[in-house]
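Residue-level listing of the chains:
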Amino acid sequence: MSEWSRALSAPAAPEAEVAQTISGNRGLQIEEPLLFEQDSPGHCGVDLPEPAPFRSRLGGLERKGPIGLPGLSEPQIVRHFTRLSQKNYAIDSGLYPLGSCTMKHNPRLNEKLARLPGFADLHPLQPEASVQGALELIDTLAHWLKTLTGMPAIALSPAAGAHGELCGIMTIRTALEARGDRRLRILVPESAHGTNPATAAACGYEIEAIPANSRGRVDLAALKAALGGDVAALMLTNPNTCGLFEDEILEIAAAVHAAGAFFYCDGANFNAIVGRVRPSELGIDALHLNLHKTFSTPHGGGGPGSGPVALAAELAPHAPLPWLAHGAEGFALVEHAQGPAGRSIGRLKGFHGQMGMFVRAVAYMMSHGADGLKQVAEDAVLNANYLRVRLEDALSLSFPGICMHEVLFDDRFLKDTGVTTLDFAKALIDEGFHPMTMYFPLVVHGALLIEPTETESKASLDQFVSVLRGLAERARVGDVAAFHAAPRLTPRRRLDETAAARKPVLRWRPAPARQEAAE
Amino acid sequence: MRYLPLTDADRTAMLAAIGAPSIDALFADVPAAARHRGLLDLPLAMGELDVERRLGAMAAKNVSAGSVPFFLGGGAYRHHIPAAVDHLIQRGEFLTSYTPYQPELAQGTLQYLFEFQTQIALLTAMEVANASLYDGATACAEAVAMAGRVTRRNKAVLSGGLHPHYREVCETYAQFAGEELRAEDAAPGGGENLAALVDGETSCVVVQNPDFYGEIRDYSELAQICHRAGALLVVIVTEILSLGAIRPPGEMGADIVAAEGQSFGNALSFGGPYVGLFASREKFVRQMPGRLVGETLDADGKRGWVLTLSTREQHIRREKATSNICTNSGLCALAFTIHLALLGEAGLTRLARLNHATAVATAERLSGIPGVRLVTHSFFNEFTLRLPRAAAPVVDALAKRGVLGGIPVSRFYPGREELADLLLVAATETVTPEDIDRFALALREVLR
Amino acid sequence: MSATRFTKDHEWVRQEGDLVVIGITDYAQSQLGDVVYVELPELGRKVAQGKEAAVVESAKAASEVYAPVSGEVVAVNDAIVEDPAKVNADAMGEGWFLKLRFADPKELDALMDQAAYDAFVAEHR
């Protein structure tokens with residue numbers, strides 16, 4: 001029986017028997033229909049002048065017939081979206097213990113500065129003389145990221161981490177082909193994030209998974225056995241997705257290079273080592289960073305992100321366009337593959353990159369400085385280890401010993417309780433917390449991966465610990481029904497994802513016309 | 001440090017609880033050779049005031065679009081964004097929330113994405129749309145890849161009227177994915193015969209409407225030719241506002257639409273972040289990249305929304321995913337949704353009319369200058385002029401006179417002599433009659 | 001009707017004359033969760049033993065269904081495309097995926113029988 005259908009047959013908890021309201025609202029939780037269900041045809045939330053008569057130059061291709069968009073006034077729109085926002089959890093509201101997501105506080109200074117007209121109201125293709133300050137900001141970002149990573153070059157155009165991975169693997173393939181060395185395989189640890197194999201496949205590679213050893217790290221012997229003349233690269237995350245530093249990384253890098261392959265590092269977990277460890281000293285050839293993770297640009301409900309890629313010297317000539325150049329007349333953009341840029345992989349995105357995120361990241365880095373960034377890594381690692389020791393006797397710690405910025409548990413502590421990792425997470429929702437990352441990485445059963453980040457106070461962590469310990473205890477004493485019915489306090493509970501996938505309804509459609517209905 | 005809540009007392013207590021003598025002990029797994037002693041060679045922490053001064057100084061070195069007469073387009077358009085949009089997207093529950101993987105905690109995000117998907121489907125007259133991609137150019141590359149999956153062919157034809165950045169991104173992606181692209185030559189005013197290039201091995205033909213030079217065309221016949229050959233028609237739209245005035249791709253027989261949504265709700269921002277729009281026929285939905293939000297019921301029978309058809313995506317399908325994409329353009333999609341909601345049907349069509357009228361007035365005025373010829377026949381809010389000499393130095397001279405007068409086509413196609421005297425000009429509702437006067441005056445002077 | 005055989009990837013195979021019927025086991029469907037979609041091969045396709053023949057998707061997972069023996073696809077079960085829930089309800093019977101005209105009986109004999117499969121599942125649980 002599926003998780004969802006089991007929830008239906010669970011007995012209703014006392015809280016669910018609260019009196020029904022007339023409106024369906026519950027205090028501050030307002031039921032809000034779709035925009036399309038509130039249409040006042042002809043209405044508008046923007047006042048615009050009607051143009052003076054003019055001769056149309058649309059070539060007879062005017063749009064005919066209604067589009068079907070609803071019309072509402074500004075008060076209605078503001079209320080609509082305000083009510084929607086009140087159904088969301090957010091970093092501003094509480095802890096997001098999501099492993100490898102680095103849900104840290106998003107400083108508001110970053111928002112203010114990104115909105116300066118001198119950054120926000122600039123067209124990417126204005127004459128270069130009119131945007132020297134923007135190019136200087138991009139150069140500043142590049143300088144900070146190169147210094148933090150120790151790498152000689154950085155590609156700034158990728159729009160997100162996955163896009164950065166694509167960029168990195170594309171440069172690697174191009175460098176190999178420039179050597180006349182066409183290799184067909186990429187090695188990826190079993191614990192890798194799904195974007196890694198997806199990226200490798202998108203670049204035409206076959207993927208081979210390398211198992212983890214009993215200490216949760218890449219099995220060095222298995223890696224060496226898999227390396228050969230047809231391996232283009234190893235894609236590794238470090239610290240890895242179990243929250244552990246790959247302590248054999250220097251041997252790993254040496255083995256990869258000895259086989260003539262490149263060492264790609266997924267930098268999603270850079271928060272653990274920023275300011276303390278430089279990837280260049282770990283033998284890494286290419287590393288993508290997530291500005292929306294380590295560098296605090298807001299997650300925005302799913303995006304936008306920014307995924308710059310730091311590159312070693314051999315890969316730098318293949319960096320995507322555009323490049324930033326310093327000339328006699330100031331900064332300039334190299335936008336075409338001519339001359340020195342002739343070996344670039346080409347363009348990966350329209351225009352130059354996620355400038356709005358660059359401004360935010362630079363503001364963040366300048367605010368912290370070299371000392372503050374180092375403190376970020378230290379507090380992140382401290383917070384995660386604190387959670388480790390406060391929880392290891394209540395939950396099942398997957399790998400003993402110190403962790404980095406995130407800590408991995410598995411579902412052994414729920415064995416024979418009838419409570420699954422999913423149920424445990426749903427109960428956490430009622431307690432006012434977003435669940436941790438679940439069922440990832442795949443190397444342990446029923447994974448629970450927790451990353452607190454450095455912007456959680458000790459009090460916040462202590463509260464989280466007491467809730468987790470309490471829930472673990474409840475599971476142990478067999479309060480199964482409560483878990484299966486959770487969550488009970490959210491505006492919606494246990495949504496039917498099976499039905500959504502079997503018969504997808506992906507847009508609103510108007511009700512059939514009256515005429516049809518009457519027939 | 002203002003963003004770090006731990007105090008030294010906290011740190012001491014926590015280290016004691018952990019049983020570690022110092023923070024360095026927690027980094028013991030880092031090889032000694034790689035541990036950095038001391039601080040990296042970067043400035044130390046700064047207060048808000050200092051950061052504001054530093055970045056403010058950089059911003060002040062730029063000429064912002066609103067401070068001068070401004071006529072640039074080329075895939076990014078300056079529109080007036082109603083004040084409510086920026087206030088709403090800065091609500092913490094939108095700004096600082098995560099991807100809606102836990103639907104019970106994200107009905108706000110899921111509902112607005114469902115509304116966004118509906119808006120895109122209506123605007124493009126297509127059956128289904130996704131919850132956004134990075135930008136128009138990457139959406140275009142994803143469309144070509146999707147056409148390949150649907151048709152199980154790998155030869156795509158790209159119109160010469162496709163935005164050069166979009167073509168370049170397609171070329172980069174195709175090179176690595178083993179797709180074959182045939183890109184027709186760039187030239188304004190048509191002249192290409194795409195129908196002749198369609199055969200039994202073609203996966204898709206990619207056209208842009210209005211095209212890079214601003215030309216509007218009817219692609220219905222090309223759609224039929226494609227379909228007879230078992231190929232798909234992909235239509236690109238770089239100025240999404242145009243669909244408030246011209247026939248949408250869905251009514252011309254498009255199979256996939258990839259577009260740039262920046263015009264609604266998103267500032268120019270020197271090129272990003274923007275928002276990629278993606279729509280297709282419903283029967284192809286399982287081959288669609290990116291996130292999809294679907295409607296469903298919860299355990300109490302109430303309507304709600306969830307991410308769905310996730311098995312296409314990287315976190316489940318891994319190397320067999322339809323794309324490696326992980327993020328969408330979340331907040332940019334929200335800004336789009338709010339702006340379009342404020343406009344509504346009446347506002348959208350009026351705004352589109354206003355843009356077209358302004359562009360017509362600008363084109364008539366500028367083509368009245370001796371030596372200047374309007375090359376585009378039918379256009380929306382962007383058109384191409386042929387100048388009596390190279391456009392790039394003209395644009396620089398105009399800038400010196402305080403006018404940002406369009407984009408020289410040579411910026412996109414350096415070294416192409418026959419394109420060097422072409423100037424791409426856009427005129428939106430933000431252009432005033434005085435702006436047009438100043439542009440015309442300055443251009444006349446520069447060309448004298 | 002001959003006995004059902006099983007693979008390590010949790011497919012079952014049952015011989016019907018010169019054809020075999022193939023599906024996923026009850027254990028497999030319980031692991032997958034509610035099936036939302038199946039992708040079946042086109043008729044006439046030749047599949048090799050151990051290679052992908054079909055795909056089965058639940059809300060949270062997608063799995064390849066590998067051909068337990070080599071052969072040519074002669075029938076597919078449209079009923080499970082219409083109603084994927086049948087795979088959960090009756091994986092060993094009505095939830096069948098496809099029928100192959102198979103070439104080599106030795107491939108069939110080499111697969112696990114019921115007892116061996118049950119032991120295999122118990123060991124890996």
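Cut-offs used in this document
Residues numbered from 1 in each chain as written. Chains lettered and ligands numbered in written order. Predicted model: local features only at pLDDT ≥ 70, side-chain atom pairs only at ≥ 80, totals over all residues. Pairing = 2+ DSSP bridges. Helix = DSSP H or I, 4+ residues; strand = E, 2+ residues; numbered from the N terminus. Core = buried A, V, L, I, M, F, W, Y, C linked by C-beta atoms within 7 Å. Buried ≥ 20, exposed ≤ 12 C-beta atoms within 10 Å, placed from the backbone. Contact = placed C-beta atoms within 7 Å. Nonpolar A, V, L, I, M, F, W, Y, C, P; charged D, E, K, R; others polar. pLDDT = per-residue confidence, 0-100. Domains from an automatic or database assignment. Axes fitted to C-alpha atoms, helices over the stretch in contact; angles between N-to-C directions. Parallel < 35°, antiparallel > 145°, perpendicular 65-115°, else oblique. Left-handed = near helix turned anticlockwise from the far one by under 90°.

A. A look at the pairing of strand E8 (residues 323-327) of chain A. Residue and element names in this part refer to chain A. Across five bridges, E8 lies against strand E9 (residues 330-334) in antiparallel orientation. Within E9, the position partnered with Leu 324 by the bridge is Leu 333. Between the end of E8 and the start of E9, which pair antiparallel, lie two residues.

B. Up close: the nonpolar core. Of all hydrophobic cores here, the largest spans 347 residues; its most connected members are Leu 311 of chain A together with Cys 140, Val 144, Val 205, Val 206 and Val 234 of chain B. A per-element tally of this core places helix H10 (residues 355-391) of chain A first, with 21 residues.

C. Region of the structure containing the interface of chain B and chain A. The interface is formed by 167 residues belonging to chain B together with 173 residues belonging to chain A. With 22 residues, the single largest contributor to the side of chain B that touches chain A is helix H10 (residues 330-367) of chain B. Among the residues forming the side of chain B that touches chain A, the class breakdown is 93 nonpolar, 44 polar and 30 charged.

D. Highlighting the confidence of the model for chain C. Looking at chain C as a whole, the pLDDT averages 90, with 98% of positions reaching at least 70. This prediction of the complex comes with two scores: 0.94 for pTM and 0.97 for ipTM.

E. Region of the structure containing the environment of Ala 28 of chain C. All names here are of chain C. Structurally, the position occupied by Ala 28 is in helix H1 (residues 26-32). In this structure, the C-alpha to C-alpha distance between Ala 28 and Val 121, residues 93 residues apart in sequence, is 9.9 Å. Ignoring sequence-local partners within four residues, the contact set of Ala 28 consists of His 10 and Ala 91.

F. Representation of the domain arrangement of chain A within the structure. All names here are of chain A. Segmentation of chain A into domains returns domain 1 (109-365) and domain 2 (375-498). Computed from C-alpha coordinates alone, the two centres of domain 1 and domain 2 are separated by 31 Å. The partner domain 2 presents 18 residues to the 18 residues of domain 1 that form the contact. Tallied by class, residues from the side of domain 1 that touches domain 2 come to eight nonpolar, seven polar and three charged.

G. Structural context of the interface of chain A and chain C. Each partner contributes to the interface: chain A provides five residues, whereas chain C provides six residues. Looking at the side of chain A that touches chain C residue by residue, the classes come out as one nonpolar, two polar and two charged.

H. Broad picture of the sheet that holds strand E11 (residues 407-410) of chain A. Residue and element names in this part refer to chain A. A sheet is described by the order of its strands in space; here four strands give the open sequence E10-E11-E13-E12, paired in antiparallel fashion. Here the strands that pair on one side only, and so sit at the sheet edges, are strand E10 (396-397) and strand E12 (437-438). Pairing of E10 with E11, which is carried by two bridges, proceeds in the antiparallel orientation. Within E11, the residue paired with Leu 397 across the bridge is Phe 409.

I. Just the packing of H10 of chain A against helix H1 (residues 8-18) of chain B, in detail. At a minimum axis distance of 9 Å, the contact between H10 of chain A and H1 of chain B shows a crossing angle of 45°. Here H10 of chain A is positioned oblique relative to H1 of chain B, judged by the angle of their axes. Crossing hand, H10 of chain A versus H1 of chain B: left-handed. Only Arg 11, Met 14, Ala 17 and Ile 18 of chain B of H1 of chain B make contact with H10 of chain A, whose side of the interface consists of Leu 382, Asn 385, Tyr 386 and Val 389 of chain A. Class assignment of the residues belonging to the contact of H10 of chain A with H1 of chain B gives a composition of six nonpolar, one polar and one charged.

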